[in-house]
Amino acid sequence: MRVEWVLLLAFPAKAAKLKPYLKKSEVQSFPPQALESATSRGPGTAGREDIMSLPFEPQSGPVSLEALRHSVSHIMADAVLRLFPEGKVAIGPPIEHGFYYDFELPRPLTEEDLPQIEAKMTELLKQAGEFQYSRLSRAEATKRLQDAGQPYKVELLADIPEGEDITFYDHGTWSDLCEGPHVESAGQIPKDGFRLLSVAGAYWRGDANNAMLQRIYGTAWWSKKDLKKYLVYLEEVQARDHRKLGREHDLFSLHPKFGAGLVFWHPKLGHVRRELEAWWWQLHDQAGYWPVYTPHVAGEPVFEQSGHLQNYSEMIWAPMDVDGHPHRVKPMNCPGHVTIFNSRRHSYRDLPLRFAELGTVYRYEPSGTLHGMLRVRGFTQDDAHIFSTPGQLEDEIVGVLDMVHTILTTFGYQYTAYLATRPEKSLGSDEVWEHAMNALKAAAARRQLPLQDDPGGGVFYGPKIDFKMRDALGREWQGPTVQVDFNLPDRFDIKFNDADNELKRPVMVHRALFGSLERFVGGLIEHFAGWWPLWLHPNPVVVLPIGSDQESAAGDYRNQIAAAGFRAEIRTDGPLRKRIRDAELEKIPYMVVLGGREVEQGVLNLRVHGVKEQRSLTMADFLAYLRDRRDQKSLDY
RNA sequence: GCUGCUGUAGCUCAGUGGUAGAGCACCUCCUUGGUAAGGAGGAGGUCACGGGUUCAAGUCCCGUCAGCAGCUCCA
């Protein structure tokens, strides 16, 4: 296992120099022994170090950044109403990294309007003066807002409960019903620290039945430098957009002729997926899951029995007629798994039974929500269902937590777990909820996994733990989930014969680790941005013979690399400089250069992606190095 | 689904009512190059689709589809 690393370690890949995004103090403590490796490796993929430190929220101003952003949103509203005096204002809060304000305006805004609004804001900043706070009686406030012709504000005011303070914040000639807090004076707002970013529609009060207002998003910081840093961060986010990378690196495509929201996995991403799936099955074999395969289509009665048709009919693809009976493409794998369970009588000795399937499902997502690979209409869930006795539940959940940890840390994701408790509308007795909640909590405690609260966030059929993961850019993604289900066991009347010869109801657990392969891999594209770890990399090695004299030797080298299980491609198109450049742009980790010298000495010249210096080494050392990196699932090259 | 914007070559984009363009990619030839772009030539388009206005539509209008920014939704 120990190889001659010394030479190789002299040129760590670019990614290895990067600091992990999260500070140690912010990092999960679960399980402690795994923490060190997960954080010290970092996501292994980054671009620039300053970007990796985002999102940053410097608190260097006289008041909080939130107050600054809130104040800038007022200035913006003031500016917009000066340009559109008949406009109506709704709400304008600070949000993460910025703010927005909602308006009803006589004409639709476009992004071309933003510079003009910004110019007006700059002008207003000079005259705005103090931010004055005042408390008004309800009658005074109502009159003020009615006189101003601001019906949305009047509505907001009416919703403030009796007894609570009604406050206004004024600057210059602007007066706004608002809780604050704000900056003390406009002079505290840096005139080159804000930027308007986009316009979009937004429903009044977030309700799709209400009027659609126009929302302007902006960002604000205490200095031009911070603003710049944030804008660079936004550029990096754009550059990593999986749709853009998907085109540039030939990873996937979508085709309206086949249908919106249906993903085509191209060869390179197909390789990534196959490697992921192979590993996934390996983990599931180790954890005692059985593979199952269930039909993609089922007669409607199946989904009536499961309840999906009644509760989610608008999300299920339209029925197709088969021999006069309506059938549906499956939106879920669980009915199939339950059907397998129910196909024979089970003893308590059979339990727990763990069924796993990479099950492709179709859901009719609204057209406006489709988004590359991240929100689609056909996707493959890495689905599993565990049928256990109530007493086994806790152990089973611990098993899932371990798999979650293995998977997320392997990719360098930080994660947070949320315990979603009973919602108002829900099924099941207090006792079963209590039992399931306790099992979830106890399992988390056994793994020292801190649980954040998500009160009422459970599904109607049972409580769950959801995982949010943080990627290389510090963005949060919806991650794995483990859910206890009290509904399907009843609906399908599943039973096992217990030791006392009584028929009892098993507990059913749904869990997904990737969630959907499409979404997870789409996220990986953005997380790794082309820097796939070696074990997943579709093009890990290119062999570059310098001249045609080395071409036959190149074939030889390539075959040795391929025999070791790594894809390797020989490229002879054009001068070496061009081929090096192409390989660098494609983020190919290892460039094996062969000239007369190398062939003569039986060595190869290795250039690692992002590292200008090269080294000579033997094929045996190179392959040992590759195998080690692959087997460790290293995030660095 | 809703509001707004967009749809021109494989990609990125120019083209403001009068004969469809550029760069990259691709193909052919030349070049055999020692670590981030060697040179020349060529091919490639039903200007998303359907309808309308006009002597004339990539360009103006309407509709459909798809994409984009959000909103709502996501068992």
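Residue positions are counted from 1 within each chain, in the order its sequence is given. Numbering of ligands from 1 and lettering of chains from A proceed in the order in which they are written. Side-chain atom pairs in this predicted model are given and counted only at pLDDT of 80 or more, local residue features only at pLDDT of at least 70, and totals for whole chains, interfaces and linings cover all residues. Heavy atoms throughout the structure, all of them, feed into the side-chain values; hydrogens and water do not.

Trainee: Describe the overall build of chain A, with residues and values.
Mentor: Note on conventions: DSSP H or I runs of at least 4 residues are helices, E runs of at least 2 residues are strands, and numbering of each starts at the N terminus. The helix and strand inventory of chain A stands at 21 helices and 29 strands. Considering only C-alpha atoms, chain A reaches an extent of 90 × 75 × 50 Å along its principal axes. We call two residues in contact when some of their heavy atoms are within 4.5 Å. Within chain A, residue pairs in contact and separated by at least 24 positions form 72% of the contacts whose partners lie at least 6 positions apart. Surface accessibility of chain A: about 29400 Å² in total, with carbon and sulfur atoms responsible for 50%. Here the Shrake-Rupley method, with its probe set to 1.4 Å, supplies the accessible areas, and only the displayed protein chains count as covering residues.

Trainee: Break down the protein's contact with RNA strand B for me, citing the residues and quoting the values.
Mentor: Taken together, the neighbourhood of RNA strand B is formed by 52 residues, with Tyr203, Ser367, Ile546, Arg577 and Asn605 sitting nearest. Proximity is defined per residue: any heavy atom of the residue falling within 4 Å of a molecule or strand makes that residue near it. Among the atoms of RNA strand B lying within 4 Å of the protein, the sugar-phosphate backbone contributes 48%. Elements with a contribution of two residues or more to the surface near RNA strand B: strand E7 (194–203), strand E8 (212–220), helix H9 (242–248), helix H12 (308–312), helix H19 (576–585), helix H20 (596–601) and strand E28 (604–608). Looking at the surface near RNA strand B element by element, the count peaks at 7 residues for H19. Ten residues, namely Ala, Val, Leu, Ile, Met, Phe, Trp, Tyr, Cys and Pro, are considered nonpolar, four, namely Asp, Glu, Lys and Arg, are considered charged, and the remaining ones, Gly among them, are considered polar. Each residue belonging to the surface near RNA strand B can be placed in one class, and the counts come to 23 nonpolar, 16 polar and 13 charged.

Trainee: I'd like a description of the layout of surface pockets, backed by residues and values.
Mentor: Rolled over the atoms, a probe sized like a water molecule indicates the empty space that remains. Here the term cavity refers to a set of points on a 1 Å grid, laid over the protein atoms alone, in which a 1.4 Å probe fits but cannot get out; the term pocket refers to an open set having protein on both sides within 12 Å along at least five of seven lines, with lining residues being those that place an atom within 4 Å of a point. Grid points are joined across faces, edges and corners, and a volume is the space filled by probe spheres set on the points. Of the pockets and cavities examined, the largest pocket occupies roughly 1200 Å³. Lining the largest pocket are 43 residues; nearest its centre among them are Met332, Arg363, Gln381, Gln478 and Gln483. Looking at the lining of the largest pocket, its residues break down into 18 nonpolar, 14 polar and 11 charged.

Trainee: So what about the nonpolar core? Which residues, and what values?
Mentor: What we call a nonpolar core is a set of buried Ala, Val, Leu, Ile, Met, Phe, Trp, Tyr and Cys residues that are connected through their side-chain atoms within 4.5 Å. Residue exposure (1.4 Å probe, protein chains only): buried if accessible area is under 20% of the type maximum, exposed if over 50%, otherwise partly exposed. The biggest cluster of nonpolar side chains holds 89 residues, and the ones touching the most others in it are Ile407, Phe411, Ile561, Tyr590 and Phe622. With 9 residues, helix H14 (residues 393–410) is the largest single contributor of residues to this core. In terms of nonpolar packing, the next biggest core, distinct from the first, is built from 40 residues, Val80, Leu81, Leu125 and Leu196 among them.

Trainee: Any details on helix H15 (residues 430–446)? Residues and values, ideally.
Mentor: Taking 1.5 Å of rise per residue, the 17 residues of H15 would be expected to cover 24 Å, and the 24 Å separating its terminal C-alpha atoms lies within 8% of that figure. Of all the residues in H15, the buried ones are Trp433, Ala436, Met437, Ala439, Leu440, Ala443 and Ala444. Burial along H15 is one-sided: seen end-on, the buried residues are contained in an arc of 155°. Away from its buried face by more than 90 degrees, H15 exposes Asp430, Glu431 and Ala445. Working rule for helices: expected span equals 1.5 Å times residues minus one. In this description, one arc is meant: the one made by directions from the helix axis to the C-beta atoms.

Trainee: Could you give an account of the sheet that holds strand E13 (residues 320–322), with specific residues and numbers?
Mentor: Here the rule is simple: two strands pair whenever DSSP picks up at least two bridges between them. Spatial ordering of the open sheet is given by E12-E14-E13, a layout of 3 strands whose pairing is antiparallel. Pairing within the sheet leaves two strands with one partner each, and these edge strands are strand E12 (297–299) and E13. Strand after strand, the sheet turns through a mean of 45° between neighbouring axes, direction not considered. Pairing analysis gives 3 bridges linking E13 to strand E14 (residues 325–329), with the strands arranged antiparallel. Each residue of the ladder has a partner; that of valine 322, found in E14, is histidine 325. Here, axes are lines fitted to C-alpha atoms. For helices the fit covers the stretch in contact, and angles between N-to-C directions go from 0 to 180 degrees.

Trainee: Let's hear about the side chain of aspartate 113: which residues, and what values?
Mentor: Looking at the secondary structure, you find aspartate 113 in the loop between strand E3 (98–104) and helix H5 (114–128). Residues within four places of aspartate 113 in sequence aside, it is in contact with Arg107 and Pro108.

Trainee: Quick one: what's the story with a nonpolar patch on the surface, residue by residue and with numbers?
Mentor: In this analysis, a patch consists of residues with relative accessible area above 30% that form no salt bridge, clustered at 9 Å for like charges and at 5 Å for the nonpolar side chains Val, Leu, Ile, Met, Phe, Trp and Tyr. Salt bridge, as applied in this entry: a Lys or Arg side-chain nitrogen positioned within 4 Å of an Asp or Glu carboxyl oxygen. Residues Val297, Met320 and Val322 make up a contiguous nonpolar surface patch of roughly 190 Å² in combined accessible area. Within the element layout of this structure, valine 322 appears in strand E13. Classification of valine 322 as partly exposed rests on a relative accessible area of 31%.

Trainee: Any chance you could break down the packing of aromatic side chains for me, citing the residues and the numbers?
Mentor: Two aromatic rings, taken as a pair, are described by how far apart their centres are and by the angle between their planes. Working definition: a ring pair exists when centres of Phe, Tyr or Trp rings (six-membered ring for Trp) sit within 6.5 Å. Plane angles under 30 degrees give stacked, over 60 give edge-to-face, the rest tilted. In total, this model carries 26 aromatic pairs according to the counting rule given. Ring centres of tyrosine 415 and phenylalanine 467 lie 5.8 Å apart, and the angle between their planes is 65°; this geometry places the pair in the edge-to-face category. Linking tyrosine 415 in strand E18 (residues 414–420) with phenylalanine 467 in strand E20 (residues 464–470), this pair joins segments that are 52 residues apart in sequence. By relative accessible area, phenylalanine 467 is classed as buried at 1%.

Trainee: Just give me the short version of the environment of glutamate 130, but keep the residues and values in it.
Mentor: Looking at the element boundaries, glutamate 130 is found in the loop between H5 and strand E4 (132–135). By relative accessible area, which is 48% here, glutamate 130 ends up partly exposed. Separated by 58 residues in sequence, glutamate 130 and glutamine 188 place their C-alpha atoms 9.6 Å apart. Not counting the four nearest positions on each side in its chain, glutamate 130 is found in contact with Asp170, His171, Gly172, Glu184 and Ser185.

Trainee: Explain the environment of arginine 577 to me, using residue names and the numbers behind them.
Mentor: The residue arginine 577 is located in helix H19 in this model. Judged by its relative accessible area of 75%, arginine 577 falls in the exposed class. Sequence separation between arginine 577 and leucine 83 is 494 residues, and the spatial gap between their C-alpha atoms is 55 Å.

Trainee: So, the sheet that holds strand E26 (residues 568–570): which residues are in play, and what are the values?
Mentor: Spatially, E26-E25-E27-E28-E29 is the arrangement adopted by the 5 strands of the open sheet, whose pairing is mixed. Across the chains shown, the open sheet's two edge strands, defined by having one partner strand only, are E26 and strand E29 (614–617). Mean inter-strand twist for the sheet, computed between neighbouring axes without regard to direction, equals 25°. Strand direction decides the pairing type here: E28 and E29, joined by 4 bridges, are antiparallel. Opposite leucine 604, over in E29, you have leucine 617 as the bridge partner. Across the sheet, helix H21 (residues 619–631) is in contact with strand E25 (541–545), strand E27 (590–594), E28 and E29; its angle to E27 comes to roughly 175°.

Trainee: Which residues make up the packing of H14 against H15, and what are the values?
Mentor: To characterise two packed helices, one gives the angle between the axes of the helices and the distance between these axes. One can describe the packing of H14 onto H15 by two numbers: an axis separation of 8 Å at closest approach and a directional angle of 45°. Taken as axis vectors, H14 and H15 run oblique relative to one another. The element H14 and its partner H15 pack so that their crossing is right-handed. Contacts from Leu393, Glu394, Asp395, Ile397, Val398 and Leu401 of H14 reach H15 at His435, Ala436, Ala439, Leu440, Ala442, Ala443, Ala444 and Arg446. Residue composition of the contact of H14 with H15, by class: 10 nonpolar, 1 polar and 3 charged. Roughly parallel here means an angle under 35 degrees, roughly antiparallel means over 145, roughly perpendicular means 65 to 115, and every remaining angle is called oblique. In a left-handed crossing the near helix is turned counterclockwise from the far helix by less than a right angle, and in a right-handed crossing that turn is clockwise.

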